[in-house]
Amino acid sequence: MIDFENAKTASIKSSPSMAVSMAAKAMRARGEHVVDLSLGEPDFDTPAHVVEAAIDAMRRGVTRYTGPDGLEELRAAIVAKFKRENNLDYAMDEISIGNGAKQILFNAFLGTLEPGDEVIVPAPYWVSYSDIVILHGGKPRLVPCGVEDAFKITAERLEAAITPKTRWFLFNSPSNPSGAIYSGKELAALGEVLRRHPHVAIMSDEIYEHIVCADVPFTSFANACPDLKHRTLIINGVSKAYAMTGWRLGYAVGPKNLTKVLNKLQSQSTTCPSSITQVAAAAALNGPQDFVTEAVKEYKARGQLVTESFSAIPGLEVRAPEGAFYLFPKCEAYIGKKAPDGTPIDNDTALASYLLSAGKVATVPGSAFGVEPYLRLSFATSRENLAIAAERIRDALAQLR
Ligand SMILES: Cc1ncc(COP(=O)(O)O)c(C=O)c1O
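So, here is what we can say about the structure in this document. (Residues numbered from 1 in each chain as written. Predicted model: local features only at pLDDT ≥ 70, side-chain atom pairs only at ≥ 80, totals over all residues. Heavy atoms only, no water.)

1. Points about the overall build of the chain
Where we set the bar: Under the DSSP-based scheme used, a helix requires at least four consecutive residues in state H or I and a strand at least two consecutive residues in state E, with every element numbered from the N terminus. Whether a residue is buried, partly exposed or exposed follows from its accessible area with a 1.4 Å probe, protein chains only, as a fraction of its type maximum: under 20%, in between, or over 50%, in that order. Here a residue-residue contact requires only that any non-hydrogen atoms of the pair lie within 4.5 Å.
Scanning the chain from terminus to terminus reveals 14 helices and 14 strands. Burial analysis of the chain (401 residues in total) assigns 55% to the buried set. Contacts in the chain between residues at least 24 apart in sequence constitute 74% of all its contacts with a sequence separation of at least 6.

What follows is the structure, given as structure tokens:
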């Protein structure tokens, strides 16, 4: 038998949240009623005018390869988005697009990391960050920031993590999985540290920009630290804001000498994201934004609902999410207990697996995001499902001894 896996691929794992979701799907296929809180995607349909724009693009024959940097109408829409929403000026050649923001992260690390380069990542972090860094020969330098730190890295901790090998500081606000948002003041404090270390570039993943649940306004890193804009890659996309996860379109803006590298890689990998998707994304960015306003209103209501219902469960330490659509309770009180059948609950992975089998609720353990013991619960599902999930989790936890 040929062993097809090389050392690079063997050094990473498949996405853990996908794995939980597949397990939940398999249980459903067996006829079990499972509430799936494991996936990070909006449960709404893509707005109708975006779908119409795509159909129109196909009818007009916008069905050919585009340049690796995308259709001019999409690039113009991205430039306009940053001006309108963030008051940031970017030129048409300071843009890169990809098949999802995930591919941009992939291209960014593929194109810039030398073996052994370090990437500072505050934990909890989005599951794919560390594996993408490892895959490209880099070393994730994880800085744990638990609930007691409001899930955010401080200037002191950032300073302590920087070495001569640091290539990037990568962070995400609003955060998946913690729901934390960095204020302008907090970003400015991080900027002060980064200013002292000119060899460190900043990757700011702002894909949840619009999904703000609390009264904390979103601030783009480039707004908080305009003088560091030339060292910053801002990552964004249409997946979360416009319920377009399956369309696969992410975009980034940054210095021209970096977007050039990303676009070169794009030209040698997928060439470009689908031309039809590009037209749809331009329609999403340029068109009416009431879909976003309505969706955010609903996420806000759900966020309050889950914060209340899960705070009422004994032993769960809940911090109300400020943005994105996740609750990330600490579950230390349940670690070391035993399930009714004697199975030990030694860690959050065992707890999530117990909640799936005994409570029929799919969650993702904190360890998948680099901190333990936590659970990530996505509230991108109906209020009814969320109420059922809270009840089931409460009952299942109460049976642990
Ligand atoms: C923090 C974060 N960044 C990036 C992505 C990638 O999004 P996409 O590839 O769909 O644009 C996700 C998706 O879950 C995410 O949560």
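2. Remarks on the site of the ligand
The condition is simple: Proximity is defined per residue: if any heavy atom of the residue lies within 4 Å of a molecule or strand, that residue is considered near it. Whenever a nitrogen or oxygen atom comes within 3.5 Å of another N or O atom, the pair is scored as a polar contact, on the condition that within protein one atom can donate a hydrogen and the other can accept it, and that pairs from neighbouring residues in sequence are kept only if both atoms are in side chains. Think of it as three bins: nonpolar holds Ala, Val, Leu, Ile, Met, Phe, Trp, Tyr, Cys and Pro, charged holds Asp, Glu, Lys and Arg, and polar takes everything else, Gly as well.
Around the ligand, a shell composed of 13 residues is seen, among which Ala 101, Asp 205, Ser 239, Lys 240 and Arg 248 lie nearest. One of the backbone N or O atoms of Ala 101 is found 2.6 Å from an oxygen atom in the ligand. At 2.6 Å from a nitrogen atom of the ligand is found a side-chain nitrogen or oxygen belonging to Asp 205. Taken together, the residues that form the shell around the ligand break down as five nonpolar, four polar and four charged.

3. Overview of the pairing of strand β3 (residues 118-123)
As a reminder of what qualifies: The criterion for strand pairing is that DSSP finds at least two bridges linking the strands in question. Classification remark: right-handed applies to a crossover when, strands pointing away from the viewer, the course from the first strand over the helix to the second runs clockwise.
The element β3 is largely enclosed, with a buried count of six among its six residues. Burial of β3 is two-sided: the residues Glu 118, Ile 120 and Pro 122 facing one way and the residues Val 119, Val 121 and Ala 123 facing the other way are all buried. Taken together, the six bridges between β3 and strand β4 (residues 139-144) define a ladder with parallel strand orientation. Bridge pairing in β4 places Ile 120 opposite Arg 141. With helix α6 (residues 128-135) bridging β3 and its parallel neighbour β4, the resulting β-α-β unit is right-handed. By the bridge criterion, three bridges tie β3 to strand β5 (residues 166-172) in an arrangement that is parallel. Bridging from a neighbouring strand, Ile 120 pairs with Phe 169 of β5.

4. Some thoughts on the nonpolar core
Proteins that are soluble and globular tend to have nonpolar side chains buried together. Keep this limit in mind: By nonpolar core we mean a set of buried residues, namely Ala, Val, Leu, Ile, Met, Phe, Trp, Tyr and Cys, connected to one another through side-chain atoms within 4.5 Å.
Residues Phe 109 and Leu 351 are the most contacted members of the largest nonpolar core, which totals 97 residues. Of the residues forming this core, the biggest block, seven residues, is contributed by helix α12 (residues 290-311). Excluding residues within four positions of it along the chain, Phe 109 makes contact with Val 119, Ile 132, Val 133, His 136, Trp 168, Leu 170 and Met 203. Ala 161, Phe 171, Tyr 182 and Leu 228 belong to the second-largest nonpolar core, a separate cluster that totals 20 residues.

5. As for the packing of aromatic side chains
Filter applied, for reference: Ring pairs are drawn from Phe, Tyr and Trp, using the six-membered ring of Trp, whenever the two centres fall within 6.5 Å, and their geometry is named by plane angle: stacked under 30 degrees, edge-to-face over 60, tilted for the rest. Only when the NZ atom of a Lys or the CZ atom of an Arg is both within 6 Å of the ring centre and within 35 degrees of the ring normal do we say a charge sits over the ring.
Tallied over the entire structure, the rule returns 17 aromatic pairs. Note on Phe 171 and Tyr 182: the rings are 5.4 Å apart at their centroids and 75 degrees apart in plane angle, and the pair reads as edge-to-face. In this pair, Phe 171 sits in strand β5 while Tyr 182 sits in the loop between β5 and α8 (184-195), placing the two residues 11 residues apart along the sequence. As far as burial versus exposure is concerned, Phe 171 and Tyr 182 are alike and both buried. An aromatic cluster of three or more residues is present, and its members are Phe 44, Tyr 208, Phe 291, Tyr 299, Phe 325 and Tyr 326. Between the NZ or CZ atom of Lys 152 and the centre of the ring of Tyr 182, over which it lies, the distance is 6.0 Å.

6. Quick look at the pattern of salt bridges
Note the threshold: Any carboxyl oxygen of Asp or Glu that lies within 4 Å of a side-chain nitrogen of Lys or Arg is treated as forming a salt bridge with it.
The full count for this structure, using the stated rule, is 24 salt bridges. With a shortest N-O distance of 3.7 Å, Lys 330 and Glu 148 are connected by a salt bridge. In this pair, Lys 330 sits in the loop between β9 (326-327) and β10 (337-338) while Glu 148 sits in the loop between β4 and α7 (155-161), placing the two residues 182 residues apart along the sequence. A salt bridge links Arg 157 to Asp 149; its shortest N-O distance comes to 3.1 Å. Residue Arg 157 is classed as partly exposed on the basis of its relative accessible area of 33%.

7. Looking at the packing of helix α4 (residues 72-86) against helix α11 (residues 275-286)
Note the cut-off: To obtain an axis, a line is fitted to C-alpha atoms, over the contacting stretch when the element is a helix, and the angle between two such axes runs from 0 to 180 degrees between their N-to-C directions. Should an angle lie under 35 degrees it is considered roughly parallel, over 145 roughly antiparallel, and from 65 to 115 roughly perpendicular; all remaining angles are considered oblique. The hand of a helix crossing depends on one turn: near helix anticlockwise from the far one by less than a right angle means left-handed, and clockwise means right-handed.
Where α4 contacts α11, the axes come no closer than 9 Å and their chain directions differ by 25 degrees. By the angle between their directions, the pair α4 and α11 is classed as roughly parallel. Crossing geometry of α4 relative to α11 is assigned as left-handed. On α11, the residues touching Glu 73, Leu 74, Ala 77, Ile 78, Lys 81 and Arg 84 of α4 are Gln 278, Val 279, Ala 281, Ala 282, Leu 285 and Asn 286.

8. Quick notes on the sheet that holds β9
If you walk across this open sheet you meet the three strands as β9-β14-β13, and the pairing is antiparallel. At either margin of the open sheet sits one strand with a lone partner, and together these are β9 and β13 (364-365). Of the pairings in the sheet, the one linking β13 to strand β14 (residues 375-378) comprises two bridges and is antiparallel in character. Paired with Val 364 across the strands is Arg 376, a residue of β14. Sheet strands touched by helix α13 (residues 348-359): β13 and β14. Its angle to β14, the strand with the most contacts, is close to 40 degrees.

9. Thoughts on the environment of Phe 291
Of note, Phe 291 is situated in helix α12. We classify Phe 291 as buried; its relative accessible area is 19%. Placed 245 residues apart in sequence, Phe 291 and Thr 46 show a C-alpha to C-alpha distance of 8.9 Å. Beyond its immediate stretch of four places on either side in the chain, Phe 291 contacts Phe 44, Asp 45, Pro 47, Ala 241, Tyr 242 and Ala 243.

10. Considerations on the sheet that holds β3
Here we have seven strands laid out as an open sheet, ordered β2-β8-β7-β6-β5-β3-β4, and mixed in their pairing. A strand with exactly one partner marks an edge of an open sheet, and here the two such strands are β2 (95-98) and β4. Ignoring which end each strand starts from, the neighbouring axes of this sheet average 20 degrees apart. Packed onto the sheet, α6 meets β3, β4, β5 and β6 (201-205) and runs at close to 155 degrees relative to β4.

11. Thoughts on the state of the cysteines
Stated formally: Any pair of cysteine sulfurs within 2.5 Å is marked as a disulfide.
Applying the stated rule across the entire model yields zero disulfides. Not part of a disulfide, Cys 145 finds its nearest cysteine sulfur in Cys 225, a span of 17 Å. By relative accessible area, which is 0% here, Cys 145 ends up buried. Cysteine Cys 331 remains unbridged, with the sulfur of Cys 145 as its closest cysteine sulfur at 18 Å. Of the residues examined, Cys 331 reaches a relative accessible area of 0% and is grouped as buried.

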